[in-house]
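What follows is each chain in one-letter form.
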Amino acid sequence: MPYAAVLTGYGSPQTLVWTEVALPAPGPGQIRIRVHAAGVGPTDLKIRRGDLRKVFPLPDPAVLGFEAAGTVDALGPGVTGVSPGDEVAALLPTLGGYGEYALASAWTLKPATVSWADAAALPASAEAAVGVLRQLGVAAGETLLVLGGAGSVGVIATQLAVSQGLTVFSATGPSDEQFAKDLGAIPVRYGPALLAQMRGHVGTVDAVLDAAGRGGLRDAVELAGGPARVITLADEHAADFGVALSAPTPDRAPDAVEQTMPLLASGHLRLRAQRLLPMRDAAQAHALLEAGTAHEKIILTA
């Protein structure tokens, strides 16, 4: 019997328990993946706490994780273009990444030059970055402010926007200023002095992507001349400022991983630094993120 980190009830990280589960059977259009690495994201923590119980009904067994990379193990009816043994990365529609096996309805082949950890770190962040840039309608010659520019989504969005010919300001902490420069952005300090710093560079910006959700929307709206081209991924106070809160949907950026995987393989896309933990230590991963002591993307490995 395979194992998975199962959510035994809403609550603390200790509700994630490494236990035996049934081997999932792929349905029509699905593949089963023997998982080698799985990404841990902030939404996973919200689901575990019960904050999103109305949005994400839990499967049975309740195995979290939207991002997985591994080897194709079995094909469901009607699946073509992939074979057992192929190496893939997937954004999972019904969770399941924190287990030895997961089911996927869409996937991208993993090039040999991409590590398992990188492949597992890419799907959700790429989907968010590509999707929100599209929703903002950014274009060459425009100016973009990214709040949380050193986070998993911000790092990808910054590089994609720079490659499209935008001037990007990356709001980060002091330790990430050089990293922002290396990505082609102009670093500014995230926090209460953000507006004054931005005024020292430009009077306004064309658009703002808030990838952090930790305040700053008031300044963002002022810099953008209104909320129309300000989008946040996580700020629960978005409605107070008239700002759109973007959530993953099937049509937001279904081709995001296909678009970004070749860039990752060729070295033209960098990801946030990672910390690897054994998959059986999913509870520890959640505890580290919740305590704010992990400043890397956490990847669970089989």
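Residues numbered from 1 in each chain as written. Predicted model: local features only at pLDDT ≥ 70, side-chain atom pairs only at ≥ 80, totals over all residues. Heavy atoms only, no water.

*Asks:* Lay out the overall build of the chain with the relevant residues and their values.
*Replies:* When you go through the chain residue by residue, the secondary structure sums to nine helices and 15 strands. Relative to its length of 302 residues, the chain is compact, with a C-alpha radius of gyration of 19 Å against a globular reference of 19 Å. Judged by the C-alpha coordinates and their principal axes, the chain covers about 60 × 40 × 30 Å. Going through the 302 residues of the chain one by one, you find that 49% of them count as buried. (Helix = DSSP H or I, 4+ residues; strand = E, 2+ residues; numbered from the N terminus. Rg over C-alpha atoms; globule rule 2.2 N^0.38 Å. Buried < 20%, exposed > 50% of the residue type's maximum accessible area, 1.4 Å probe, protein only.)

*Asks:* Quick rundown of helix α9 (residues 282-291)? Include the residues and the values.
*Replies:* Here α9 has its buried residues at Ala282, Ala283, Ala285, His286 and Leu288. Backbone geometry just after α9 places Gly292 at a positive phi near 75°.

*Asks:* Before we move on, can you summarise the layout of surface pockets with the specific residues and values?
*Replies:* Estimated volume of the second largest pocket: approximately 270 Å³. Surrounding the second largest pocket, 18 residues form its lining, Pro24, Pro61, Val63, Gly96 and Tyr101 being those nearest its centre. With three residues, strand β6 (residues 101-104) is the largest single contributor of residues to the lining of the second largest pocket. In the lining of the second largest pocket, the residues fall into 13 nonpolar, three polar and two charged. (1 Å grid on protein atoms, 1.4 Å probe; cavity = no way out; pocket = protein on both sides within 12 Å on 5 of 7 lines; lining within 4 Å. Points joined across faces, edges and corners; volume = space filled by probe spheres on them. Nonpolar A, V, L, I, M, F, W, Y, C, P; charged D, E, K, R; others polar.)

*Asks:* Tell me what's going on with unusual backbone geometry, and back it up with residues and numbers.
*Replies:* Between Asp60 and the following residue, Pro61, the backbone shows a cis peptide bond with an omega angle of 5°. You can see Pro61 is positioned in the loop between α1 (42-49) and β4 (67-75). For Leu95, which is not glycine, the phi dihedral falls at a positive 65°. Structurally, Leu95 is set in the loop between β5 (87-91) and β6. Relative accessible area serves as the criterion here: at 5%, Leu95 is assigned to the buried category.

*Asks:* For the sheet that holds strand β13 (residues 244-245), give the residues involved together with the corresponding values.
*Replies:* Reading across the sheet, the six strands line up as β10-β9-β8-β11-β12-β13 and stay open at both edges, with parallel pairing between neighbours. A single partner strand is all that each edge strand has here, and the edge strands are β10 (186-189) and β13. In terms of strand pairing, strand β11 (residues 207-210) meets strand β12 (residues 230-232) through three bridges, oriented parallel. The partner of Leu209 across the bridge, within β12, is Ile231. Contacting β8 (143-147), β11 and β12, helix α3 (residues 123-136) crosses the sheet at an angle of about 155° to β11. (Pairing = 2+ DSSP bridges. Contact = heavy atoms within 4.5 Å. Axes fitted to C-alpha atoms, helices over the stretch in contact; angles between N-to-C directions.)

*Asks:* Give a detailed account of empty space enclosed by the protein, specifying residues and quantitative values.
*Replies:* Summed over all chains, the structure comprises one cavity of 30 Å³ or more. In this structure, the largest cavity occupies an estimated 50 Å³ of space. In terms of lining, the largest cavity is formed by Ala121, Ser125, Ser152, Val155, Ile156, Arg270, Leu271, Arg272 and Lys297. The dominant element in the lining of the largest cavity, judged by the number of residues it contributes, is helix α4 (residues 152-163), at three residues.

*Asks:* Can you break down the environment of Leu103 residue by residue, with the values?
*Replies:* Along the chain, Leu103 turns up in strand β6. Taking the C-alpha atoms as reference, Leu103 lies 5.7 Å from Ile31; in sequence the two are 72 residues apart. Setting aside its immediate chain neighbours within four residues, Leu103 contacts Pro24, Ala25, Pro26, Gln30, Ile31, Arg32 and Leu92.

*Asks:* How would you sum up the packing of α1 against α9? Please name residues and give values.
*Replies:* Following both chains from N to C, one finds α1 and α9 inclined at 105°, their axes separated by 10 Å at the closest point. With respect to α9, the element α1 is oriented roughly perpendicular. For the pair α1 and α9, the contacting residues are Asp44, Leu45, Arg48 and Arg49 in the first and His286, Leu289 and Glu290 in the second. Split by residue class, the contact of α1 with α9 holds two nonpolar, one polar and four charged. (Parallel < 35°, antiparallel > 145°, perpendicular 65-115°, else oblique.)

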